[in-house]
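What the coordinates show
Below are the chains, spelled out letter by letter.
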Amino acid sequence: SVLEMASVLDQLKKVTTVVADTGDFKVMKQFLPTDATTNPSLILAASKMDEYSVLIDEAIVYAKQHTQGQDQAKVIEATMDRLFVVFGKKILEVIPGRVSTEVDARLSFDTDGSIARALSLIAQYEAEGISKERILIKLASTWEGIQAARTLESKYGIHCNMTLLFGYEQAIACAQAGVTLISPFVGRIMDWYVKHTDKKSYDRNDDPGVKSVTRIFAYYKKFGHKTQVMAASFRNTEEIKGLVGCDLLTIAPSLLKQLAEDTQQVPVKLSNATAAADVTELKVDEKLFRWALNEDAMATEKLAEGIRNFAKDARLLEDLIRKRL
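Residues numbered from 1 in each chain as written. Predicted model: local features only at pLDDT ≥ 70, side-chain atom pairs only at ≥ 80, totals over all residues. Heavy atoms only, no water.

By the naming in an unreviewed UniProt entry, the protein is Transaldolase, taken from Pristionchus fissidentatus. In its Pathway (unreviewed entry) section, the UniProt record describing the protein reads: "Carbohydrate degradation; pentose phosphate pathway; D-glyceraldehyde 3-phosphate and beta-D-fructose 6-phosphate from D-ribose 5-phosphate and D-xylulose 5-phosphate (non-oxidative stage): step 2/3." Database annotation for the protein, UniProt heading Sequence similarities (unreviewed entry): "Belongs to the transaldolase family. Type 1 subfamily." (UniProt positions renumbered as here; feature names shortened; annotations may be inferred.)

Quick look at the structure:
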């Protein structure tokens, strides 16, 4: 009998923490990821499914109880946060690890507002008996978002996941702020290069998103940063195969399925041993952060677009809630 080959997903799980990028917790039972990440777009998509609509009603009931005498805007805001917590709680019943819960993208340039919202989310989880160790607060990798994460990590021991990360200096600023992990966006970097250059297709060796994450990973390992790298936003399995060995990878269900059915042997690409020797250590203060971002058209455009899209989905989610109030 032919020996059954290990799937790429099984090979990955040996060297990388596999995370499900979805708000659909039924999917998680199928692929058994360690952790899960959510964002407004994923929660919006899940909220439109019939089997999850009951969670919106649950969130509304909670919000109304906790905002008595306040205006509708307050009720909607409280419902939104509650919806994220309700989804997070359900997801944590399925997975052994942590769930990432996003702070409203409209607070991306508001350090104090982000901190306040994060503390409120953590308090709600703790009231449900869920330890803050199992939650990652997701914040956009703006200067303000990174400073909010610095305070949340150092003062409150709240773990943060920095999302919408496209640039090298963004990543270094996150590590210097002592955040738990970053989510550099692989596929969206590639999208930008496909749109703005003559090269229209890439493999795991030349994909600009893969190269960006590889460079960040090498920097972190070389200079002993504890911040972990969780590559995100994949367009195909080739990008994932280029990052075998990354600390964590957050992968959408459709790609998890492809990896589970693929038996190609995949070598480890990232390890402490691959950390580059010829890297200079940078001190990224606000001036350097803003200048470097400004110099990087891809990172600037993708960060702004990402915030706009998450904010748009948050507004659509609010409309969905408003109709049910």
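Counting across every chain of the model gives eight aromatic pairs. Aromatic pair Y219 and F223: ring centres 4.7 Å apart, planes at 55°, arrangement tilted. Residue Y219 is classed as buried on the basis of its relative accessible area of 1%. Residue class for F223 comes out partly exposed when judged on its relative accessible area of 23%. Through pairs of rings, three or more aromatic residues link up here, namely F25, Y52 and F87. Over the ring of Y62 we find R82, and its NZ or CZ is 3.6 Å from the ring centre. (Phe/Tyr/Trp six-rings, centres within 6.5 Å; stacked < 30°, edge-to-face > 60°. Buried < 20%, exposed > 50% of the residue type's maximum accessible area, 1.4 Å probe, protein only. Lys NZ or Arg CZ within 6 Å of the ring centre and 35° of its normal.)

If you trace the eight strands once around the closed barrel, you get β1-β2-β3-β4-β5-β6-β7-β8, paired in parallel fashion. Taken over all neighbouring pairs, the strand axes of this sheet differ in orientation by 30° on average, direction set aside. Two elements, strand β6 (residues 181-184) and strand β7 (residues 228-231), share two bridges in a ladder whose sense is parallel. Its bridge partner lying in β7, I182 is registered against V229. (Pairing = 2+ DSSP bridges. Helix = DSSP H or I, 4+ residues; strand = E, 2+ residues; numbered from the N terminus. Axes fitted to C-alpha atoms, helices over the stretch in contact; angles between N-to-C directions.)

Unusually for a residue other than glycine, L32 sits at a positive phi of about 45°. Looking at the secondary structure, you find L32 in the loop between α2 (25-31) and β2 (35-37). With a phi close to 50°, L164 is a non-glycine residue in the positive phi region. Structurally, L164 can be placed in strand β5 (residues 160-165). Looking at L164, the relative accessible area reads 1%, which means it is buried.

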